[in-house]
Each structure stands twice: as C-alpha cells, then as structure tokens.
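Residue-level structure breakdown
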Amino acid sequence: MTGGPQAGQPVVPASVPLTPAWPERAAWGTAQSLRAWQAAALEKYFTESPRDFLAVATPGAGKTTFALTVAAELLGRRIIDRVTIIAPTEHLKTQWAEAAARAGIPIDPNYSAGQGKTSKDYVGIALTYAGVAVNPLAHRIRTERFKTLVILDEVHHAGDALSWGEGVREAFEPAHRRLALTGTPFRSDINPIPFVTYAPGDDGIPRSLADYTYGYGEALADHVVRPVLFMAYSGEMQWRTRAGDEISARLGEPLAKDQTAQALRTALDPAGSWMPSVLQAADRRLSEVRRHVPDAGGLVIASDQDSARAYAKLLKTISGESPVVVLSDEKAASKKIAKFTDSDDRWMVAVRMVSEGVDVPRLAVGVYATRISTPLFFAQAVGRFVRARKRGETASVFLPSVPNLLVHASEMEVARDHVLGRKVNDDGDIFGAEEDLMNQANATEAASGDEMMGPWEALGSQATFDRVLYDGGEFGHEGEVHVGSEEEMDFLGIPGLLEADQVRDLLRTRQSERAAKTKRAKPTEGDSVAQVSTHEQLAILRRELNGLVAAWFHRTGQPHGVTHAALRKETGGPAAAVAGADLLRKRIDLVREWAVRKSS
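Overview of the structure. Each chain has its residues counted from 1, running along the sequence as written. Per-residue local features are limited, in this predicted model, to residues with pLDDT of at least 70; the limit for side-chain atom pairs, both in listing and counting, is 80 or more; totals at the level of whole chains, interfaces and linings are taken over all residues. Note that water and hydrogens are dropped before the side-chain values are worked out from all heavy atoms of the structure.

**Here's the deal with the sheet that holds strand β11 (residues 236-240)**
Within a sheet, neighbouring strands are paired by backbone hydrogen bonds and run either parallel or antiparallel to one another. Put simply, the rule is: DSSP calls a pair of strands paired once it identifies at least 2 bridges connecting them. Here a helix means four or more residues in a row that DSSP labels H or I, a strand means two or more in a row labelled E, and each is numbered from the N terminus. The axes are straight lines fitted to the C-alpha atoms, using for helices just the contacting stretch, and the angles between their N-to-C directions are given from 0 to 180°.
Pairing within the open sheet is antiparallel, and its 3 strands lie in the order β12-β11-β18. Each end of this open sheet is capped by a strand with a single partner; those strands are β12 (246-250) and β18 (457-461). Each strand of the sheet is rotated relative to its neighbour by a mean of 20°, with strand direction disregarded. Where β11 lies against β18, 4 bridges are found, and the strand directions are antiparallel. Within the sheet, the bridge partner assigned to Q238 lies in β18 and is G460.

Pasting the structure below:
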C-alpha cells in the first residue's frame, strides 16, 4: 500500500513557508523568505541527506526556523513520520512547541515517558535533556517504533560521561535522522558531545566539526543580529577577609584569583554603591534607546534569588517602575516572560534561566550581574540581546571590568569549536564548568553558593566608567570617568538606531573629540605615556592598537576581532583587554610591520 498515512498515524502537513525567525520578527529585508544562511544550510542538508547534521549559528540567527523547515520538508517527503525535540529547559520546550505549531507541526510539550502514547493529533513531542536522562530506555523504544527526526537544541549541554549525554546517546542512537543545533559549540570540559563528529586539528587535538556554521560576525554583516556595545565599569572595592584583613583593590587590576573573585563579589553586592550606580547608568542608556525604539526592554542577570530581589528594589527606585522578577524555570515564570515579551515594561530581573534560548526580541539593554563567567554562559547571555527586529537597532550590555569577562567581550567575533584532549584552564572561572548550573535549570535557584567563597564582608564599593568594547576594539577617555559625568554620557547617549559602521565611527569620533578637548586644557608636559599612571598608560596603548586595527580593517576588510585574534596568535598572551604594556607594544609594532609589507 502506498500513498497516504498509515492507520493510526496523524496526517502530516505539507512543508510550509516559514518566516526567517519566530514570531514575525524577520530581519530587515527578509520578511517573505528564508535568510541566506538558512537557505544555504537547507541546500547542503538535502543535497547530502546525512543521518547526523550539526548546525552552528549565532544566537538570534534563526536556528529554530531552520530546524522546523527541515522537519516540515522531511515530513512532507515521508522520510520521517515523527519529530522529537530536546531542549535544555521547560520554558524552551514550550517555546519550541509554540513555534512548531505556527509551522504546521503539532508538538506535545507535556509528554512524559510514563504515559507511553500521545494524542494522534500530534506529530511529535518536546522533552528536556533532564527528562530524557530520567528514563532513556522508554524514549529509545518510542524512537525505534517510528522513523524519527530528533532535534537536539543547544546540544553542547549533552556531554558524554554526564547523565544528560549518556541519556541522549542511549535514547536516540536508533533515530532515523538527528539534527543538532547550537549557538556555542564549546563546553567548559573535555567530554565529547553525542552524535557530533570530531577530527584532529593542526595541533593533533580533536575538535568538533560543524556541517554548517554561521557566526556572529557574518550575521552582523548581514544585519541579522544587532551590534553589541559592552559598557565596562571599574571602581574601588573594599572588603574584609576571613582573617579580618581589610583589602582595597580596583576592579579589573591584576589580582590573585581569589582576590578577583572577592572584588567582583563586592561590586555585585546590592548594599554597596557599585550596583546602584551601574543600574542607574543602564537605566539612562535604556531611556536613550527608547527614544528610537519605544518598546525596548532591559534585563539584569543576577547570581541568586536574594540578589535578584534586591536589584529589583533598586531599579524600582531608579526608574519608578517595578521590574518583572523571574526566579525559576516554572510555569509561572514562563508566563511572566511571555507577558514581559508582549508588554512595553522597562526591566526584567532573572536568575540564569533567561540566559539561554529564551526569546524576548525587544531586549536591548543588559546588566551582567552574575559571577558565572564561563565562555558558554557569557555567550548565551549576550545572545538574549542580539536578536534583530529591524535594521539599525543596537544592544548594550553593562558588565564589571574583570579580565575574563573583558576577554569574552573582546572575542565576540572569534569562532570557537569544542576541543577535546586537554584540560580547560579555569583560572578565570569562579564557579567552574556550566554543567552544574544547567543541571539545576529546571529547579528553583538556591542562594548563590557563597560558602564556596569563604567568609567575607563587603565594606564598600564605588563605580567608575572604564571603557566601551565594540567590534574587537576599545573606546574610552583618559583618566577616571565618574558615573553621571559628561564623559560617561558620550557613550551612554549613543542613539539606539545605528548601523554597525556608524556605531564604530561615532565611538571613534566621541573619543577623539574628548581627547582633543582634554589636550587643549592640559599642559603639554603631562601628556607623555611615561608620565601617566599605569592604568592610563595601558588605556593609551590599547587605543593606539585599536586605531591601527581599525586602519587595517579599512585597508583589508578583515574584521577587528579576527585581526586581534591573529595578533594574539603571533605574540602570545591574553586578549588586548587584559594584556600588559610590553605585549601591547609588540602588537602595535606587528600591525605596523604588516602595513609596511602590504605597501611594499
């Protein structure tokens, strides 16, 4: 018997045209067609017809639409007859089901292994990684019964030797097709990811191989994502240690690992002066953005529930409006997020759960107020702000000037792969790999684990504006820039609607105009690098390097982030954001050497 569905099976819809991203928020100029990367990835998928396919695309690029288009086409061609979607959290599971419904693919987001069957009205089910790990055998049996496409959303969470990875491998090994998606194809450990191909790199160390990659730099050039301005804030911190010693340090200066952690913890203390100052600056930035984007919203990502509630109180005092507070990934929290998404409320405060996959396209201003600092968590958190709705929207993320976060911000354009065979150095990672965090993603967040830090007492904190990091470069003013000053407003007052090139040009113009004004007001003998403080000296050298990198971009078209990565590879050492004076001089000399070679 051929043609038509088998008895007892749901009627499969024909493949349907999908907008580039859900819901109705296609990027400028793409409303009636798939984005170029989605079309190219689809062509490769159906040309090769692989059993396993890994698509790596920057957050906000439209991975969901790509996956649902693949599913609709496979269903229409009768290559598969069921779809199983795996997501990290309950909220994302529901979000996938809603998107699939709009694509004409009915998905049951409430399915559990214990019920065995689901309604004939559904073509598939949506699960969490945690739910699969509870009873992988039951899901394996279901997978074997039907020709199943398994969509593994944010597959980097499923590492082997961990319960999620083991469960995924056991449950979906017999799947007819597997489509893995991620915006960040790297983990903070060396556990391989199920169904992902690895191959040795030039150094012999295995790295993940993506079947299709679409990075942030490409998406920015295509106007698919927003440009992100990172507003870094420094300042003086004072705290008392377990031994009763009182320590004072400047946030962002070279410190021992435990002192960096204590300084950051002091800065994020809601009872100090640093957080209120940064929240006030972020609210001013949000007001500026809302001049051009009236429904723009802000998000504060907190470390724990107590801090989240305290930040919400501060924001109410600052803005005059009560923020939406989201404390855990429960049904009530999902409803809060959905309500915030459709409103024009100013602020939402959340703990972890809004860091990945949760889709609130109007988020334009963020405050990174958590001590979690893995590259994965940072990239996923920033991904909440990059989703473009119309051309010209910008995003701003406020963060503490600590070395690891500055490095993450400066390397936004650098593509990463999951590397096996070597231990990851987590000297800059206060809490270690992100897996422990995600294992708690479906539970209420406990207090932040302060006991890991040892006895401590914050004595005081003061915030100062440090610099803006954008497109691999840094922009700021000489000397100490106080919160609320005209110098700070040079950057907080940047319009909310600008093209990426316009953002870069405006940052450079405001920096140079202020520098010229300052120079006219100062005696000339005070201007040499040798006569300024170490902090100012490093700032001058970074600006010189960034100016040369910008000139190299205009000459070659090579993105700033790629050039900085090449310089770092040649000279060794950390990213420019935290490099020392000697290393910065080496990179300055190297760029000049490149320019001479190209000229000759």
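**Regarding helix α13 (residues 403-410)**
The condition that has to hold: Residue exposure (1.4 Å probe, protein chains only): buried if accessible area is under 20% of the type maximum, exposed if over 50%, otherwise partly exposed.
Burial within α13 is extensive, with 7 of its 8 residues counted as buried. Among the residues making up α13, those that are buried are N404, L405, L406, V407, H408, A409 and S410.

**Some thoughts on the pairing of strand β8 (residues 206-209)**
Here strand β7 (residues 197-200) pairs with β8 via 4 bridges, running antiparallel. Bridged to T197 within β8 is L209. In sequence, β7 turns back onto β8 through a hairpin of 5 residues, with G204 there showing a positive phi of about 85°.

**Quick look at the sheet that holds strand β2 (residues 82-87)**
For clarity, the threshold we go by: Contacts are residue-level and defined by heavy atoms, with any inter-residue pair within 4.5 Å sufficient.
Pairing in this open sheet of 7 strands is parallel, and the strands run β3-β4-β2-β5-β6-β1-β9 from one edge to the other. Strands at the two margins of the open sheet, each flanked by one partner only, are β3 (107-108) and β9 (212-214). With 3 bridges connecting them, strand β1 (residues 52-57) and β9 associate as parallel partners. Bridge pairing links V56 to T213 in β9. Relative to strand β6 (residues 177-182), helix α2 (residues 63-76) is tilted by about 170°, and along the sheet it contacts β1, β2, β5 (148-152) and β6.

**Observations regarding the pattern of salt bridges**
The cut-off we apply is this: A carboxyl oxygen of Asp or Glu within 4 Å of a side-chain nitrogen of Lys or Arg is what we treat as a salt bridge.
What the rule picks out here adds up to 24 salt bridges. Of the charged contacts, one joins D306 and R309 as a salt bridge, the two residues approaching to 3.6 Å between their closest N and O atoms. In this pair, D306 and R309 are both assigned in helix α10 (residues 305-319), 3 residues apart and thus about one turn of the helix distant. You can call D306 exposed: its relative accessible area is 52%. When salt bridges that share partners are traced, they join R226, D295, R389 and E393 into one network.

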